[in-house]
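Topology and contacts: notes
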Amino acid sequence: MIAMDERTYKLIGADYPGNRAEDVKNPGLVWMIGFMFVVSFLGLFSLVPLRKVMVMDYKLTYPSGTATAMLINSFHTNTGAELAGNQVRCLGKYLGISLFWSCFKWFFSGIGDSCGFDNFPTLGLTLYKSTFYFDFSPTYVGCGLICPHIVNCSVLLGAIISWGFLWPFISQHAGNWYPADLESNDFKGLYGYKVFIAISLILGDGIYNLIKIIVITVKEICNKSTKQSNLPVTAEILDGESSRLLMEQRRRDEIFLKDRIPSWFAAAGYVGLAAISTATIPAIFPPLKWYLVLGSYILAPALAFCNSYGTGLTDWNLASTYGKIGLFIFASLVGTDGGVVAGLAACGVMMSIVSTAADLMQDFKTGYLTLSSAKSMFVSQLVGTAMGCIIAPLTFWLFWTAFDIGSPDGPYKAPYAVIFREMAILGIEGFSELPNHCLAMCCGFFVAALLINLMRDVIPKRISQYIPIPMAMAVPFYIGAYFAIDMFVGTVILYVWERINRKDAEDYSGAVASGLICGDGIWTIPSAILSIFRINPPICMYFGPSSRS
(Lines give C-alpha, C1' and ligand atoms only; values in the text may rest on other atoms or scores of the structure.)
Protein backbone atom coordinates (compact mmCIF):
# COMPACT_ATOMS: atom_id res chain seq x y z
CA MET A 1 0.00 0.00 0.00
CA ILE A 2 2.80 2.39 0.87
CA ALA A 3 4.58 1.47 -2.37
CA MET A 4 1.60 2.84 -4.29
CA ASP A 5 1.51 6.24 -2.58
CA GLU A 6 2.69 9.59 -3.89
CA ARG A 7 5.55 9.95 -1.40
CA THR A 8 7.20 6.71 -2.59
CA TYR A 9 6.70 7.79 -6.21
CA LYS A 10 8.52 11.07 -5.51
CA LEU A 11 11.19 9.32 -3.43
CA ILE A 12 12.14 7.12 -6.40
CA GLY A 13 12.05 10.12 -8.70
CA ALA A 14 9.82 11.23 -11.54
CA ASP A 15 12.70 10.74 -13.98
CA TYR A 16 13.18 7.08 -12.99
CA PRO A 17 12.37 4.89 -16.05
CA GLY A 18 8.92 3.34 -15.70
CA ASN A 19 7.97 5.39 -12.59
CA ARG A 20 4.79 7.19 -13.74
CA ALA A 21 2.67 9.70 -11.85
CA GLU A 22 -0.44 7.84 -13.04
CA ASP A 23 0.62 4.75 -11.05
CA VAL A 24 -0.17 6.34 -7.68
CA LYS A 25 -2.90 5.43 -5.21
CA ASN A 26 -2.72 7.04 -1.78
CA PRO A 27 -3.98 5.09 1.26
CA GLY A 28 -7.62 5.60 2.20
CA LEU A 29 -9.37 4.07 5.19
CA VAL A 30 -12.52 2.99 3.33
CA TRP A 31 -10.85 1.25 0.39
CA MET A 32 -8.25 -0.39 2.65
CA ILE A 33 -10.94 -1.93 4.87
CA GLY A 34 -12.88 -3.06 1.79
CA PHE A 35 -9.76 -4.59 0.25
CA MET A 36 -8.95 -6.44 3.48
CA PHE A 37 -12.44 -7.95 3.64
CA VAL A 38 -12.46 -9.21 0.04
CA VAL A 39 -9.00 -10.85 0.11
CA SER A 40 -8.31 -11.94 3.71
CA PHE A 41 -10.76 -14.84 3.98
CA LEU A 42 -9.84 -16.75 0.84
CA GLY A 43 -6.68 -18.23 2.33
CA LEU A 44 -8.71 -19.77 5.16
CA PHE A 45 -10.79 -21.81 2.72
CA SER A 46 -7.99 -22.71 0.29
CA LEU A 47 -6.31 -25.55 2.22
CA VAL A 48 -9.00 -26.83 4.61
CA PRO A 49 -9.42 -30.11 2.65
CA LEU A 50 -5.67 -30.80 3.06
CA ARG A 51 -5.46 -30.34 6.83
CA LYS A 52 -5.33 -34.12 7.45
CA VAL A 53 -2.56 -34.53 4.88
CA MET A 54 -0.43 -31.72 6.34
CA VAL A 55 -0.91 -32.46 10.05
CA MET A 56 -1.46 -36.22 10.24
CA ASP A 57 -0.05 -37.84 7.08
CA TYR A 58 3.02 -35.64 6.54
CA LYS A 59 3.32 -35.01 10.30
CA LEU A 60 4.73 -31.53 9.65
CA THR A 61 6.20 -29.97 12.78
CA TYR A 62 4.91 -26.37 12.65
CA PRO A 63 7.31 -25.39 15.48
CA SER A 64 5.41 -22.30 16.67
CA GLY A 65 2.12 -24.20 16.68
CA THR A 66 3.73 -27.08 18.56
CA ALA A 67 5.28 -24.69 21.11
CA THR A 68 1.90 -22.99 21.64
CA ALA A 69 0.21 -26.37 22.12
CA MET A 70 2.87 -27.40 24.63
CA LEU A 71 2.28 -24.23 26.61
CA ILE A 72 -1.51 -24.69 26.57
CA ASN A 73 -1.33 -28.37 27.51
CA SER A 74 0.95 -27.57 30.44
CA PHE A 75 -1.91 -25.69 32.10
CA HIS A 76 -4.64 -28.24 31.48
CA THR A 77 -3.14 -31.72 31.70
CA ASN A 78 -4.68 -34.26 34.06
CA THR A 79 -2.69 -37.33 33.08
CA GLY A 80 0.85 -38.28 34.04
CA ALA A 81 0.78 -35.71 36.82
CA GLU A 82 4.40 -36.07 37.88
CA LEU A 83 5.83 -35.88 34.36
CA ALA A 84 3.43 -33.09 33.42
CA GLY A 85 4.44 -31.10 36.48
CA ASN A 86 8.10 -31.51 35.63
CA GLN A 87 7.43 -30.44 32.03
CA VAL A 88 5.58 -27.33 33.21
CA ARG A 89 8.45 -26.40 35.51
CA CYS A 90 10.93 -27.02 32.69
CA LEU A 91 8.89 -24.91 30.28
CA GLY A 92 8.56 -22.10 32.83
CA LYS A 93 12.27 -22.20 33.59
CA TYR A 94 13.37 -21.87 29.97
CA LEU A 95 10.63 -19.34 29.22
CA GLY A 96 12.06 -17.18 32.00
CA ILE A 97 15.62 -17.67 30.74
CA SER A 98 14.59 -16.82 27.17
CA LEU A 99 12.63 -13.75 28.27
CA PHE A 100 15.51 -12.48 30.42
CA TRP A 101 18.02 -13.10 27.62
CA SER A 102 15.87 -11.28 25.04
CA CYS A 103 15.55 -8.34 27.44
CA PHE A 104 19.31 -8.39 28.09
CA LYS A 105 20.04 -8.42 24.34
CA TRP A 106 17.83 -5.38 23.81
CA PHE A 107 20.09 -3.14 25.92
CA PHE A 108 22.95 -3.70 23.46
CA SER A 109 20.98 -3.54 20.20
CA GLY A 110 21.32 0.24 19.73
CA ILE A 111 19.76 2.08 16.78
CA GLY A 112 19.94 0.49 13.34
CA ASP A 113 20.54 -3.03 12.09
CA SER A 114 24.23 -3.59 12.87
CA CYS A 115 24.29 -3.57 16.68
CA GLY A 116 23.92 -6.15 19.42
CA PHE A 117 24.08 -9.90 19.82
CA ASP A 118 21.93 -10.31 16.69
CA ASN A 119 25.04 -9.26 14.75
CA PHE A 120 27.70 -11.06 16.79
CA PRO A 121 30.49 -12.38 14.48
CA THR A 122 30.88 -15.66 16.38
CA LEU A 123 32.67 -17.36 13.46
CA GLY A 124 34.83 -14.39 12.52
CA LEU A 125 34.29 -11.23 10.48
CA THR A 126 34.94 -12.91 7.14
CA LEU A 127 32.18 -15.48 7.60
CA TYR A 128 29.98 -12.80 9.21
CA LYS A 129 29.93 -10.93 5.89
CA SER A 130 28.42 -14.07 4.35
CA THR A 131 25.83 -14.23 7.21
CA PHE A 132 27.54 -17.23 8.84
CA TYR A 133 27.25 -16.40 12.53
CA PHE A 134 25.32 -17.50 15.62
CA ASP A 135 22.94 -14.68 16.56
CA PHE A 136 21.90 -16.03 19.99
CA SER A 137 18.23 -16.33 19.02
CA PRO A 138 16.26 -18.50 21.50
CA THR A 139 13.47 -18.87 18.93
CA TYR A 140 15.60 -20.51 16.25
CA VAL A 141 17.48 -22.68 18.73
CA GLY A 142 14.05 -23.81 19.98
CA CYS A 143 12.96 -24.53 16.40
CA GLY A 144 16.09 -26.64 16.01
CA LEU A 145 15.07 -28.66 19.07
CA ILE A 146 11.57 -29.29 17.68
CA CYS A 147 12.28 -29.80 13.97
CA PRO A 148 13.56 -33.20 12.78
CA HIS A 149 17.33 -33.53 12.33
CA ILE A 150 17.00 -33.88 8.55
CA VAL A 151 15.18 -30.53 8.33
CA ASN A 152 17.85 -28.71 10.32
CA CYS A 153 20.66 -30.34 8.36
CA SER A 154 18.88 -29.49 5.09
CA VAL A 155 18.64 -25.83 6.14
CA LEU A 156 22.35 -25.77 6.98
CA LEU A 157 23.24 -27.49 3.70
CA GLY A 158 21.21 -24.89 1.80
CA ALA A 159 23.06 -22.11 3.65
CA ILE A 160 26.45 -23.63 2.78
CA ILE A 161 25.55 -24.11 -0.90
CA SER A 162 24.12 -20.59 -1.31
CA TRP A 163 26.11 -18.30 0.98
CA GLY A 164 29.23 -20.44 1.06
CA PHE A 165 29.65 -21.12 -2.66
CA LEU A 166 26.92 -19.88 -5.03
CA TRP A 167 26.59 -16.19 -4.04
CA PRO A 168 30.38 -15.65 -3.72
CA PHE A 169 30.79 -17.27 -7.17
CA ILE A 170 28.14 -15.02 -8.72
CA SER A 171 29.60 -11.97 -6.94
CA GLN A 172 32.89 -12.60 -8.73
CA HIS A 173 31.08 -11.88 -12.01
CA ALA A 174 29.76 -8.48 -10.89
CA GLY A 175 30.28 -6.06 -13.74
CA ASN A 176 29.92 -8.87 -16.27
CA TRP A 177 26.70 -10.71 -15.42
CA TYR A 178 25.13 -7.65 -13.78
CA PRO A 179 26.12 -4.02 -13.04
CA ALA A 180 28.56 -3.83 -10.12
CA ASP A 181 27.26 -0.54 -8.66
CA LEU A 182 23.74 -1.72 -7.75
CA GLU A 183 22.23 -1.60 -4.24
CA SER A 184 21.87 -4.80 -2.23
CA ASN A 185 18.08 -4.98 -2.79
CA ASP A 186 18.13 -4.35 -6.56
CA PHE A 187 16.61 -7.23 -8.54
CA LYS A 188 18.90 -6.53 -11.46
CA GLY A 189 21.85 -7.62 -9.31
CA LEU A 190 22.73 -10.38 -6.85
CA TYR A 191 19.40 -9.95 -5.03
CA GLY A 192 17.59 -11.16 -8.17
CA TYR A 193 19.55 -14.42 -8.11
CA LYS A 194 18.81 -14.90 -4.39
CA VAL A 195 15.06 -14.41 -4.64
CA PHE A 196 14.32 -16.27 -7.86
CA ILE A 197 16.57 -19.27 -7.22
CA ALA A 198 14.97 -19.65 -3.77
CA ILE A 199 11.51 -19.41 -5.37
CA SER A 200 12.50 -22.07 -7.94
CA LEU A 201 13.53 -24.54 -5.23
CA ILE A 202 10.38 -23.85 -3.20
CA LEU A 203 8.07 -24.23 -6.19
CA GLY A 204 9.82 -27.40 -7.36
CA ASP A 205 9.39 -29.05 -3.95
CA GLY A 206 5.88 -27.72 -3.39
CA ILE A 207 4.53 -28.62 -6.83
CA TYR A 208 6.03 -32.13 -6.61
CA ASN A 209 4.33 -32.79 -3.27
CA LEU A 210 1.06 -31.24 -4.44
CA ILE A 211 0.98 -33.50 -7.51
CA LYS A 212 1.94 -36.45 -5.31
CA ILE A 213 -1.00 -35.77 -2.97
CA ILE A 214 -3.41 -35.44 -5.90
CA VAL A 215 -2.22 -38.73 -7.43
CA ILE A 216 -2.49 -40.59 -4.10
CA THR A 217 -5.97 -39.14 -3.47
CA VAL A 218 -7.20 -40.17 -6.93
CA LYS A 219 -5.81 -43.69 -6.41
CA GLU A 220 -7.60 -43.99 -3.07
CA ILE A 221 -10.87 -42.85 -4.58
CA CYS A 222 -10.55 -45.32 -7.48
CA ASN A 223 -9.50 -48.20 -5.26
CA LYS A 224 -12.61 -49.17 -3.32
CA SER A 225 -10.74 -51.78 -1.33
CA THR A 226 -8.55 -49.19 0.41
CA LYS A 227 -8.86 -49.19 4.13
CA GLN A 228 -11.20 -46.51 5.35
CA SER A 229 -9.00 -45.23 8.12
CA ASN A 230 -5.38 -44.18 8.08
CA LEU A 231 -5.07 -44.44 11.83
CA PRO A 232 -1.92 -46.26 12.93
CA VAL A 233 -2.33 -49.98 13.50
CA THR A 234 0.12 -52.17 15.37
CA ALA A 235 0.29 -55.88 15.92
CA GLU A 236 3.32 -55.95 18.18
CA ILE A 237 3.23 -56.20 21.95
CA LEU A 238 3.78 -52.75 23.46
CA ASP A 239 4.93 -51.80 26.91
CA GLY A 240 2.82 -49.54 29.13
CA GLU A 241 4.46 -46.28 28.07
CA SER A 242 4.33 -47.08 24.33
CA SER A 243 0.72 -48.19 24.66
CA ARG A 244 -0.18 -44.92 26.42
CA LEU A 245 1.50 -42.83 23.71
CA LEU A 246 -0.24 -44.82 20.98
CA MET A 247 -3.62 -44.34 22.63
CA GLU A 248 -2.98 -40.60 22.95
CA GLN A 249 -2.13 -40.35 19.25
CA ARG A 250 -5.24 -42.33 18.30
CA ARG A 251 -7.35 -40.05 20.45
CA ARG A 252 -5.86 -36.98 18.78
CA ASP A 253 -6.48 -38.48 15.34
CA GLU A 254 -10.09 -39.34 16.15
CA ILE A 255 -10.92 -35.91 17.59
CA PHE A 256 -9.14 -34.13 14.74
CA LEU A 257 -11.10 -36.12 12.13
CA LYS A 258 -14.43 -36.17 14.01
CA ASP A 259 -15.07 -32.44 13.64
CA ARG A 260 -14.68 -32.65 9.89
CA ILE A 261 -15.14 -29.47 7.88
CA PRO A 262 -16.85 -30.65 4.66
CA SER A 263 -14.73 -30.22 1.54
CA TRP A 264 -17.76 -28.97 -0.37
CA PHE A 265 -18.16 -26.18 2.19
CA ALA A 266 -14.52 -25.13 1.82
CA ALA A 267 -14.73 -25.26 -1.98
CA ALA A 268 -18.01 -23.34 -2.05
CA GLY A 269 -16.62 -20.73 0.34
CA TYR A 270 -13.49 -20.27 -1.76
CA VAL A 271 -15.41 -20.02 -5.05
CA GLY A 272 -18.00 -17.63 -3.58
CA LEU A 273 -15.41 -15.34 -2.03
CA ALA A 274 -13.31 -15.46 -5.20
CA ALA A 275 -16.35 -14.37 -7.23
CA ILE A 276 -17.03 -11.44 -4.89
CA SER A 277 -13.37 -10.48 -4.90
CA THR A 278 -13.12 -10.77 -8.70
CA ALA A 279 -15.95 -8.28 -9.03
CA THR A 280 -14.73 -5.91 -6.30
CA ILE A 281 -10.94 -5.60 -6.68
CA PRO A 282 -11.05 -4.06 -10.20
CA ALA A 283 -13.22 -1.29 -8.74
CA ILE A 284 -10.49 -0.55 -6.18
CA PHE A 285 -7.56 -1.04 -8.58
CA PRO A 286 -8.81 -0.47 -12.17
CA PRO A 287 -5.58 -1.67 -13.88
CA LEU A 288 -6.05 -5.12 -12.30
CA LYS A 289 -8.76 -6.50 -14.58
CA TRP A 290 -11.27 -9.10 -13.41
CA TYR A 291 -9.78 -11.93 -15.47
CA LEU A 292 -6.37 -11.29 -13.91
CA VAL A 293 -7.90 -11.43 -10.42
CA LEU A 294 -9.61 -14.70 -11.37
CA GLY A 295 -6.29 -16.06 -12.63
CA SER A 296 -4.61 -15.19 -9.34
CA TYR A 297 -7.26 -17.15 -7.42
CA ILE A 298 -6.72 -20.18 -9.65
CA LEU A 299 -2.97 -20.02 -8.99
CA ALA A 300 -3.17 -19.12 -5.28
CA PRO A 301 -4.10 -22.53 -3.73
CA ALA A 302 -0.97 -24.18 -5.18
CA LEU A 303 1.22 -21.41 -3.77
CA ALA A 304 -0.65 -21.57 -0.45
CA PHE A 305 0.13 -25.28 -0.24
CA CYS A 306 3.82 -24.63 -0.94
CA ASN A 307 3.98 -21.94 1.75
CA SER A 308 2.12 -24.01 4.34
CA TYR A 309 4.35 -27.00 3.63
CA GLY A 310 7.47 -24.87 4.04
CA THR A 311 6.14 -23.27 7.23
CA GLY A 312 5.47 -26.72 8.66
CA LEU A 313 9.07 -27.72 8.02
CA THR A 314 11.01 -24.61 9.05
CA ASP A 315 8.55 -22.21 10.78
CA TRP A 316 9.33 -19.59 8.12
CA ASN A 317 6.26 -18.01 6.53
CA LEU A 318 7.54 -16.87 3.13
CA ALA A 319 4.37 -15.03 2.11
CA SER A 320 6.36 -12.06 0.81
CA THR A 321 8.33 -14.37 -1.50
CA TYR A 322 5.15 -15.72 -3.05
CA GLY A 323 3.81 -12.17 -3.23
CA LYS A 324 6.80 -11.30 -5.41
CA ILE A 325 5.75 -14.05 -7.84
CA GLY A 326 2.33 -12.41 -8.24
CA LEU A 327 3.94 -8.98 -8.49
CA PHE A 328 6.23 -9.95 -11.37
CA ILE A 329 3.67 -12.02 -13.27
CA PHE A 330 0.84 -9.49 -13.20
CA ALA A 331 3.00 -6.40 -13.65
CA SER A 332 4.44 -7.98 -16.81
CA LEU A 333 0.97 -9.01 -18.05
CA VAL A 334 -0.53 -5.53 -17.62
CA GLY A 335 2.51 -3.70 -18.99
CA THR A 336 3.42 -0.03 -18.82
CA ASP A 337 -0.18 1.23 -18.61
CA GLY A 338 -0.98 0.54 -14.94
CA GLY A 339 1.35 -2.41 -14.44
CA VAL A 340 2.89 -0.96 -11.28
CA VAL A 341 -0.43 -0.64 -9.43
CA ALA A 342 -1.71 -3.96 -10.80
CA GLY A 343 1.47 -5.79 -9.76
CA LEU A 344 1.46 -4.33 -6.25
CA ALA A 345 -2.25 -5.12 -5.80
CA ALA A 346 -1.72 -8.71 -7.02
CA CYS A 347 1.20 -8.98 -4.60
CA GLY A 348 -1.13 -8.00 -1.74
CA VAL A 349 -3.71 -10.56 -2.83
CA MET A 350 -1.15 -13.38 -3.05
CA MET A 351 0.50 -12.51 0.27
CA SER A 352 -2.86 -12.42 2.04
CA ILE A 353 -3.95 -15.84 0.74
CA VAL A 354 -0.72 -17.76 1.30
CA SER A 355 -0.06 -16.16 4.69
CA THR A 356 -3.50 -16.82 6.19
CA ALA A 357 -3.45 -20.39 4.83
CA ALA A 358 -0.14 -21.09 6.60
CA ASP A 359 -1.39 -19.44 9.80
CA LEU A 360 -4.55 -21.56 9.77
CA MET A 361 -2.55 -24.76 9.27
CA GLN A 362 -0.31 -23.69 12.16
CA ASP A 363 -3.46 -23.31 14.27
CA PHE A 364 -4.75 -26.71 13.14
CA LYS A 365 -1.49 -28.21 14.41
CA THR A 366 -2.04 -26.51 17.77
CA GLY A 367 -5.62 -27.77 17.82
CA TYR A 368 -4.51 -31.31 16.94
CA LEU A 369 -2.05 -31.41 19.86
CA THR A 370 -4.48 -29.81 22.34
CA LEU A 371 -7.49 -31.99 21.35
CA SER A 372 -9.38 -28.91 20.21
CA SER A 373 -12.29 -28.87 17.78
CA ALA A 374 -11.19 -28.19 14.20
CA LYS A 375 -14.47 -26.40 13.54
CA SER A 376 -13.92 -24.17 16.56
CA MET A 377 -10.40 -23.35 15.34
CA PHE A 378 -11.75 -22.49 11.90
CA VAL A 379 -14.60 -20.31 13.21
CA SER A 380 -12.23 -18.55 15.61
CA GLN A 381 -9.90 -17.81 12.72
CA LEU A 382 -12.81 -16.37 10.73
CA VAL A 383 -13.78 -14.11 13.65
CA GLY A 384 -10.18 -13.04 14.23
CA THR A 385 -9.68 -12.30 10.53
CA ALA A 386 -12.85 -10.18 10.45
CA MET A 387 -11.59 -8.19 13.45
CA GLY A 388 -8.19 -7.79 11.80
CA CYS A 389 -9.80 -6.42 8.62
CA ILE A 390 -11.00 -3.47 10.70
CA ILE A 391 -8.33 -3.13 13.39
CA ALA A 392 -5.30 -3.38 11.06
CA PRO A 393 -6.38 -0.57 8.66
CA LEU A 394 -7.42 1.62 11.62
CA THR A 395 -4.03 1.09 13.27
CA PHE A 396 -2.23 1.79 10.01
CA TRP A 397 -4.34 4.91 9.47
CA LEU A 398 -3.48 6.12 12.96
CA PHE A 399 0.24 5.90 12.17
CA TRP A 400 -0.27 7.24 8.65
CA THR A 401 -1.94 10.42 9.86
CA ALA A 402 0.34 10.92 12.89
CA PHE A 403 3.76 10.31 11.28
CA ASP A 404 5.51 10.76 7.95
CA ILE A 405 5.41 7.11 6.98
CA GLY A 406 7.97 6.37 4.30
CA SER A 407 9.99 9.54 4.82
CA PRO A 408 13.77 8.81 4.79
CA ASP A 409 14.22 11.27 7.67
CA GLY A 410 11.24 10.07 9.75
CA PRO A 411 11.02 7.40 12.45
CA TYR A 412 9.09 5.01 10.16
CA LYS A 413 11.09 4.85 6.93
CA ALA A 414 9.24 1.86 5.40
CA PRO A 415 12.24 0.95 3.20
CA TYR A 416 10.46 -1.94 1.51
CA ALA A 417 7.97 0.47 -0.08
CA VAL A 418 10.68 1.71 -2.43
CA ILE A 419 11.94 -1.84 -3.03
CA PHE A 420 8.49 -3.20 -3.92
CA ARG A 421 7.71 -0.29 -6.23
CA GLU A 422 11.01 -0.77 -8.04
CA MET A 423 10.25 -4.49 -8.27
CA ALA A 424 6.91 -3.67 -9.92
CA ILE A 425 8.68 -1.36 -12.38
CA LEU A 426 11.16 -4.14 -13.13
CA GLY A 427 8.29 -6.59 -13.59
CA ILE A 428 6.83 -4.45 -16.39
CA GLU A 429 9.89 -5.24 -18.47
CA GLY A 430 9.46 -8.97 -17.72
CA PHE A 431 12.02 -11.59 -16.80
CA SER A 432 14.33 -10.41 -19.57
CA GLU A 433 15.44 -7.66 -17.18
CA LEU A 434 16.84 -10.21 -14.73
CA PRO A 435 20.63 -10.55 -14.57
CA ASN A 436 22.49 -12.90 -16.93
CA HIS A 437 22.04 -16.66 -16.46
CA CYS A 438 19.47 -16.09 -13.65
CA LEU A 439 16.61 -17.76 -15.54
CA ALA A 440 18.80 -20.73 -16.52
CA MET A 441 19.90 -21.22 -12.91
CA CYS A 442 16.27 -21.04 -11.77
CA CYS A 443 15.30 -23.80 -14.21
CA GLY A 444 18.23 -25.91 -13.02
CA PHE A 445 17.31 -25.61 -9.34
CA PHE A 446 13.63 -26.23 -10.12
CA VAL A 447 14.51 -29.51 -11.88
CA ALA A 448 16.94 -30.38 -9.07
CA ALA A 449 14.14 -30.01 -6.50
CA LEU A 450 11.92 -32.36 -8.51
CA LEU A 451 14.68 -34.95 -8.87
CA ILE A 452 15.66 -34.83 -5.17
CA ASN A 453 12.03 -35.42 -4.16
CA LEU A 454 11.75 -38.26 -6.65
CA MET A 455 14.89 -39.83 -5.15
CA ARG A 456 13.42 -39.51 -1.64
CA ASP A 457 10.36 -41.48 -2.78
CA VAL A 458 12.11 -44.10 -4.94
CA ILE A 459 15.20 -44.94 -2.88
CA PRO A 460 14.70 -47.25 0.15
CA LYS A 461 13.80 -45.51 3.40
CA ARG A 462 17.05 -46.44 5.19
CA ILE A 463 18.94 -44.37 2.60
CA SER A 464 16.36 -41.73 1.62
CA GLN A 465 16.02 -40.54 5.22
CA TYR A 466 19.43 -38.90 4.78
CA ILE A 467 18.56 -37.10 1.52
CA PRO A 468 18.02 -33.36 2.18
CA ILE A 469 14.65 -31.65 1.74
CA PRO A 470 14.69 -28.99 -1.04
CA MET A 471 12.03 -26.82 0.65
CA ALA A 472 14.15 -26.55 3.79
CA MET A 473 17.30 -25.93 1.74
CA ALA A 474 15.65 -23.03 -0.09
CA VAL A 475 14.88 -20.82 2.92
CA PRO A 476 18.48 -19.72 3.71
CA PHE A 477 19.06 -18.97 -0.01
CA TYR A 478 16.89 -15.90 0.53
CA ILE A 479 16.96 -15.23 4.28
CA GLY A 480 20.62 -15.81 5.14
CA ALA A 481 22.77 -18.43 6.88
CA TYR A 482 22.52 -17.11 10.45
CA PHE A 483 19.26 -18.82 11.38
CA ALA A 484 20.55 -22.09 9.88
CA ILE A 485 23.43 -21.91 12.38
CA ASP A 486 20.93 -21.34 15.21
CA MET A 487 18.75 -24.28 14.18
CA PHE A 488 21.79 -26.52 13.75
CA VAL A 489 22.91 -25.63 17.28
CA GLY A 490 19.46 -26.74 18.45
CA THR A 491 19.67 -30.04 16.58
CA VAL A 492 23.20 -30.71 17.93
CA ILE A 493 21.96 -30.09 21.48
CA LEU A 494 19.08 -32.51 20.90
CA TYR A 495 21.36 -35.12 19.29
CA VAL A 496 23.82 -35.07 22.22
CA TRP A 497 20.92 -35.08 24.70
CA GLU A 498 19.41 -38.15 23.00
CA ARG A 499 22.75 -39.95 23.19
CA ILE A 500 23.15 -39.15 26.89
CA ASN A 501 19.56 -39.80 28.00
CA ARG A 502 16.99 -40.53 25.27
CA LYS A 503 14.06 -40.79 27.71
CA ASP A 504 14.72 -37.32 29.17
CA ALA A 505 15.21 -35.89 25.68
CA GLU A 506 11.85 -37.28 24.53
CA ASP A 507 10.08 -36.03 27.67
CA TYR A 508 11.57 -32.55 27.99
CA SER A 509 12.97 -31.36 24.65
CA GLY A 510 9.55 -30.09 23.58
CA ALA A 511 9.14 -28.20 26.86
CA VAL A 512 12.61 -26.63 26.55
CA ALA A 513 11.97 -25.63 22.92
CA SER A 514 8.53 -24.22 23.72
CA GLY A 515 9.94 -22.18 26.61
CA LEU A 516 12.70 -20.75 24.42
CA ILE A 517 10.27 -19.83 21.60
CA CYS A 518 7.54 -18.43 23.88
CA GLY A 519 9.93 -16.38 26.04
CA ASP A 520 11.46 -14.73 23.00
CA GLY A 521 8.00 -14.12 21.57
CA ILE A 522 6.67 -12.56 24.78
CA TRP A 523 9.53 -10.04 24.77
CA THR A 524 8.26 -8.60 21.47
CA ILE A 525 5.35 -7.01 23.38
CA PRO A 526 7.40 -4.82 25.78
CA SER A 527 9.88 -4.22 22.95
CA ALA A 528 7.10 -2.88 20.73
CA ILE A 529 5.79 -0.67 23.56
CA LEU A 530 9.28 0.77 24.08
CA SER A 531 9.52 1.43 20.35
CA ILE A 532 6.15 3.21 20.27
CA PHE A 533 7.32 5.55 23.05
CA ARG A 534 10.60 6.04 21.14
CA ILE A 535 12.72 4.59 23.93
CA ASN A 536 15.86 3.33 22.22
CA PRO A 537 18.39 0.81 23.58
CA PRO A 538 21.13 2.68 25.44
CA ILE A 539 24.11 0.75 23.98
CA CYS A 540 25.21 -0.22 20.48
CA MET A 541 27.51 -3.23 20.65
CA TYR A 542 29.33 -3.28 17.33
CA PHE A 543 32.15 -5.44 15.98
CA GLY A 544 34.66 -4.43 13.33
CA PRO A 545 38.25 -5.10 12.33
CA SER A 546 40.87 -3.66 14.68
CA SER A 547 42.52 -0.54 13.28
CA ARG A 548 46.24 -0.46 12.74
CA SER A 549 48.23 2.68 13.36
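Here, the structure is the one placed above.
Residues numbered from 1 in each chain as written. Predicted model: local features only at pLDDT ≥ 70, side-chain atom pairs only at ≥ 80, totals over all residues. Heavy atoms only, no water.

This part takes up unusual backbone geometry. Within the chain, lysine 59 stands out as a residue other than glycine whose phi angle is a positive 50°. One can find lysine 59 in the loop between α4 (51-57) and α5 (63-76). Judged by relative accessible area, lysine 59 falls into the exposed class, the value being 53%. Phi is positive for tyrosine 62, which is not a glycine, with a value near 45°. Locating tyrosine 62 in the fold gives a position in the loop between α4 and α5. Exposure remark for tyrosine 62: the relative accessible area of 0% places this residue in the buried category. (Helix = DSSP H or I, 4+ residues; strand = E, 2+ residues; numbered from the N terminus. Buried < 20%, exposed > 50% of the residue type's maximum accessible area, 1.4 Å probe, protein only.)

Our next topic: the packing of aromatic side chains. Tallied over the full model, the rule gives 38 aromatic pairs. In this structure an aromatic cluster arises from ring pairing among Phe100, Trp101, Phe104, Phe108, Phe117, Phe120, Phe134, Phe136 and Phe543. Here the basic side chain of arginine 51 rests over the ring of phenylalanine 256, its NZ or CZ set 4.6 Å away from the ring centre. Looking at arginine 51, its charged tip hangs above the ring of phenylalanine 364, at a distance of 5.7 Å from the centre. (Phe/Tyr/Trp six-rings, centres within 6.5 Å; stacked < 30°, edge-to-face > 60°. Lys NZ or Arg CZ within 6 Å of the ring centre and 35° of its normal.)

Secondary-structure assignment places threonine 61 in the loop between α4 and α5. Between the alpha carbons of threonine 61 and leucine 42 there is a distance of 24 Å; along the sequence they are 19 residues apart. Dropping the residues within four chain positions of it, threonine 61 is found in contact with Thr66, Ile146, Cys147, Pro148, Gly312 and Lys365. (Contact = heavy atoms within 4.5 Å.)

A full pass over the atoms with the stated rule returns one disulfide. The disulfide partner of cysteine 115 is cysteine 540, and the gap between their sulfur atoms is 1.9 Å. When the S-S torsion is -75°, as for the bridge of cysteine 115 with cysteine 540, the disulfide is left-handed. Placement of the pair is cysteine 115 in the loop between α6 (81-106) and α7 (125-129) and cysteine 540 in the segment after α22 (502-532), with a sequence separation of 425 residues. We note that cysteine 389 lacks a disulfide partner, and the nearest cysteine sulfur, in cysteine 347, lies 17 Å from it. Residue classification places cysteine 389 among the buried positions, given a relative accessible area of 1%. Between cysteine 442, a cysteine without a disulfide, and cysteine 438, which holds the nearest cysteine sulfur, the sulfur-to-sulfur distance is 4.2 Å. For cysteine 442, a relative accessible area of 8% corresponds to the buried category. (Disulfide = S-S within 2.5 Å.)

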